[in-house]
Amino acid sequence: MREQRDASWRNYSVTLVIMAMNIAGYILCTQMGEVVYNMGSMNAERVLVDRQYYRFVTSIFLHADIEHIVSNMIYLVGLGQMVEQMTGHVRFAVLYLLSGFGAGVFSIMYAVLTGDIYDAVGASGAIFGLIGALFILLVVRDMRRRARRESSGGAVDILDEDGRVMPDGYESISVGKLVFVVVYMIYSGTRAERVDNAAHVGGLVCGLLVMAVMNVIKTRRKRNKKGQEYGMPVCVY
């Protein structure tokens, strides 16, 4: 039992590391206050004029208050443990960071277009990227299931394409439910004050694109590998 529990924790270890970094960032904010926010928040003027590009990273590990970080960490753990187990540690880390970067880009674009220069912090943009990635994973899952039903007469397994058991909760999520949740969350963001909805949209779009590209690359590698095993000519591109 203990070995199974340890293994399950290792399956989403990157998620736990990211959560720990966010908590450490928040503690730093509570101790140093405005100094940390001034140095690490996402600010269009600081990035474009002063070329402080490190803010794309630091801003996603800072939070405004206790409610802000608690809500984001709940979403991070809930989504992260599913997405990381389905993608693997390295791809998950790349996905999270690129989604955070995309969120920062959209935040800057919105600030420049509206002329409203503001400071933004929080992991929600990167978390929206995980939602986008989960959407792609669900679409691929449903496509594989449809193909299996047609080929095996209705049998559906609980393994992913690499033979791993799918995470708990993954089976109960549908594409329709996820779309409803995303629409509601973005709508809520437009109605709330001090919410950087542009970052949410940017993270979501980036997560969709990154996961889609990752899936295409993975599929092509599998096809090339099968072609080599059966002695078929393989094109590398």
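Quick caveat: nothing in here was measured; it's all calculated off a predicted structure. (Residues numbered from 1 in each chain as written. Predicted model: local features only at pLDDT ≥ 70, side-chain atom pairs only at ≥ 80, totals over all residues. Heavy atoms only, no water.)

### Here's the deal with helix H7 (residues 89-114)
For clarity, the threshold we go by: Starting at the N terminus, helices and strands are each numbered in turn, a helix being any DSSP run of H or I of at least four residues and a strand any DSSP run of E of at least two. To estimate how far a helix should reach, multiply one less than its number of residues by 1.5 Å. Burial classes: relative accessible area under 20% of the type maximum marks a residue as buried, over 50% as exposed, and values in between as partly exposed (1.4 Å probe, protein chains only).
Taking 1.5 Å of rise per residue, 26 residues should cover 38 Å, and H7 covers 38 Å from first to last C-alpha, within 8% of that figure. Among the residues of H7, those classed as buried are Phe92, Leu95, Tyr96, Ser99, Gly100, Gly102, Ala103, Gly104, Ser107, Ile108 and Ala111. Phi for Gly115, located one or two positions after H7, is positive at around 75 degrees.

### Some words on the packing of aromatic side chains
Each aromatic ring pair is summarised here by two numbers: the centre-to-centre distance and the angle between the ring planes. Going by this rule: When two rings of Phe, Tyr or Trp (its six-membered ring) have centres within 6.5 Å they constitute a pair, described as stacked for plane angles under 30 degrees, edge-to-face for angles over 60, and tilted for the intermediate range.
A full pass over the atoms with the stated rule returns two aromatic pairs. Note on Phe56 and Phe101: the rings are 4.7 Å apart at their centroids and 45 degrees apart in plane angle, and the pair reads as tilted. Taken together, the positions of Phe56 in helix H5 (residues 55-58) and Phe101 in helix H7 put the pair 45 residues apart, joining distant regions of the chain.

### Observations concerning the pattern of salt bridges
Which entries qualify depends on this criterion: The term salt bridge refers to a pairing of a side-chain nitrogen on Lys or Arg with a carboxyl oxygen on Asp or Glu at a separation within 4 Å.
Summed over all chains, the structure comprises two salt bridges. The salt bridge involving Arg141 is made with Asp142; its shortest N-O contact spans 3.0 Å. Exposure remark for Arg141: the relative accessible area of 5% places this residue in the buried category. Of the residues examined, Asp142 reaches a relative accessible area of 23% and is grouped as partly exposed.

### Things to note about the nonpolar core
For clarity, the cut-off: As used in this record, nonpolar core signifies buried Ala, Val, Leu, Ile, Met, Phe, Trp, Tyr and Cys residues forming a set joined through side-chain atoms within 4.5 Å. We call two residues in contact when some of their heavy atoms are within 4.5 Å.
Counting 36 residues, the largest nonpolar core has Tyr96, Ile131 and Leu134 as the members making the most contacts within it. Contributions of two or more residues to this core are made by helix H2 (13-32), helix H6 (66-87), H7, helix H8 (124-152), helix H9 (175-191) and helix H10 (197-229). If you tally residues by element for this core, the top one is H8, at 11 residues. Residues within four places of Ile131 in sequence aside, it is in contact with Leu79, Leu178, Val182, Met185 and Leu204.

### Brief notes about H2
We apply this condition: The directions from the helix axis to the C-beta atoms are what the arc is built from.
With 20 residues, H2 extends 29 Å from end C-alpha to end C-alpha; this agrees with the ideal 28 Å at 1.5 Å per step. Of the residues making up H2, those classed as buried are Val14, Thr15, Ile18, Asn22, Gly25, Tyr26 and Cys29. The arc that holds every buried residue of H2, seen down its axis, measures 120 degrees, which confines them to one face. Downstream of H2 by a residue or two, Gly33 has a phi angle that is positive, lying close to 60 degrees.

### Side note on the packing of H2 against H6
Note the cut-off: For every element, the axis is a line fit to its C-alpha atoms; helices are fit only across the contacting stretch, and the angle between N-to-C directions ranges from 0 to 180 degrees. Here roughly perpendicular refers to angles of 65 to 115 degrees, roughly parallel to angles under 35, roughly antiparallel to angles over 145, and oblique to all remaining angles. Polar here means any residue other than Ala, Val, Leu, Ile, Met, Phe, Trp, Tyr, Cys and Pro, which are nonpolar, and Asp, Glu, Lys and Arg, which are charged; Gly is therefore polar.
Interhelical geometry of H2 versus H6 gives an angle of 170 degrees and a closest axis separation of 9 Å. Judged by the inter-axis angle, H2 sits roughly antiparallel to H6. Contacts between H2 and H6 involve Ser13, Val14, Thr15, Ile18, Met19, Asn22, Ile23 and Tyr26 on the former and, on the latter, Ile66, Ile69, Met73, Leu76, Val77, Gly80, Gln81 and Glu84. Partitioned by chemical class, the residues of the contact of H2 with H6 number 10 nonpolar, five polar and one charged.

### Focus on a nonpolar patch on the surface
For the record, the criterion: The patch calculation keeps residues exceeding 30% relative accessible area without a salt bridge and links them within 9 Å when they carry like charges or within 5 Å when they are nonpolar (Val, Leu, Ile, Met, Phe, Trp, Tyr). In short, Shrake-Rupley with a 1.4 Å probe defines the accessible areas, and a residue's cover is counted only from the protein chains shown.
A contiguous nonpolar surface patch, about 480 Å² in accessible area, is contributed by Leu28, Met32, Val35, Met39 and Tyr54. For Val35, a relative accessible area of 43% puts it in the partly exposed group.

### A few points about the packing of H2 against H7
It is at 9 Å that the axes of H2 and H7 come closest, and there the two elements cross at 40 degrees. Comparing their axes, H7 and H2 come out oblique. Each of Ser13, Val14, Thr15, Ile18 and Asn22 in H2 lies in contact with H7, whose residues at this interface are His89, Phe92, Ala93 and Tyr96. In the contact of H2 with H7, the residues fall into five nonpolar, four polar and no charged.

### Focus on unusual backbone geometry
Positive phi, close to 55 degrees, is recorded for Arg51, a residue that is not glycine. Its location among the elements puts Arg51 in the loop between helix H4 (44-48) and H5. By relative accessible area, which is 62% here, Arg51 ends up exposed.

### Brief notes about the confidence of the model for the chain
Test applied: One confidence number per residue, pLDDT, is output by the predictor and ranges from 0 to 100.
Taken residue by residue, the chain gives an average pLDDT of 85. The fraction at 70 or more is 83%. Here helix H1 (residues 2-11) stands out as the element of the chain with the lowest mean pLDDT, 57, in contrast to H5, whose mean of 97 is the highest. Of the regions scoring below 50 in pLDDT, residues 1-7 engages in zero contacts with residues more than four places distant in sequence or in other chains. Low confidence marks residues 232-237, where pLDDT is under 50. Its contacts with residues over four positions away, or in another chain, come to six contacts.

### Things to note about the side chain of Ser59
With respect to the element layout, Ser59 can be found in the loop between H5 and H6. Judged by its relative accessible area of 6%, Ser59 falls in the buried class. Apart from the residues within four sequence positions on either side, Ser59 is in contact with Gly40, Ser41, Met42, Ala120, Val121 and Gly122.

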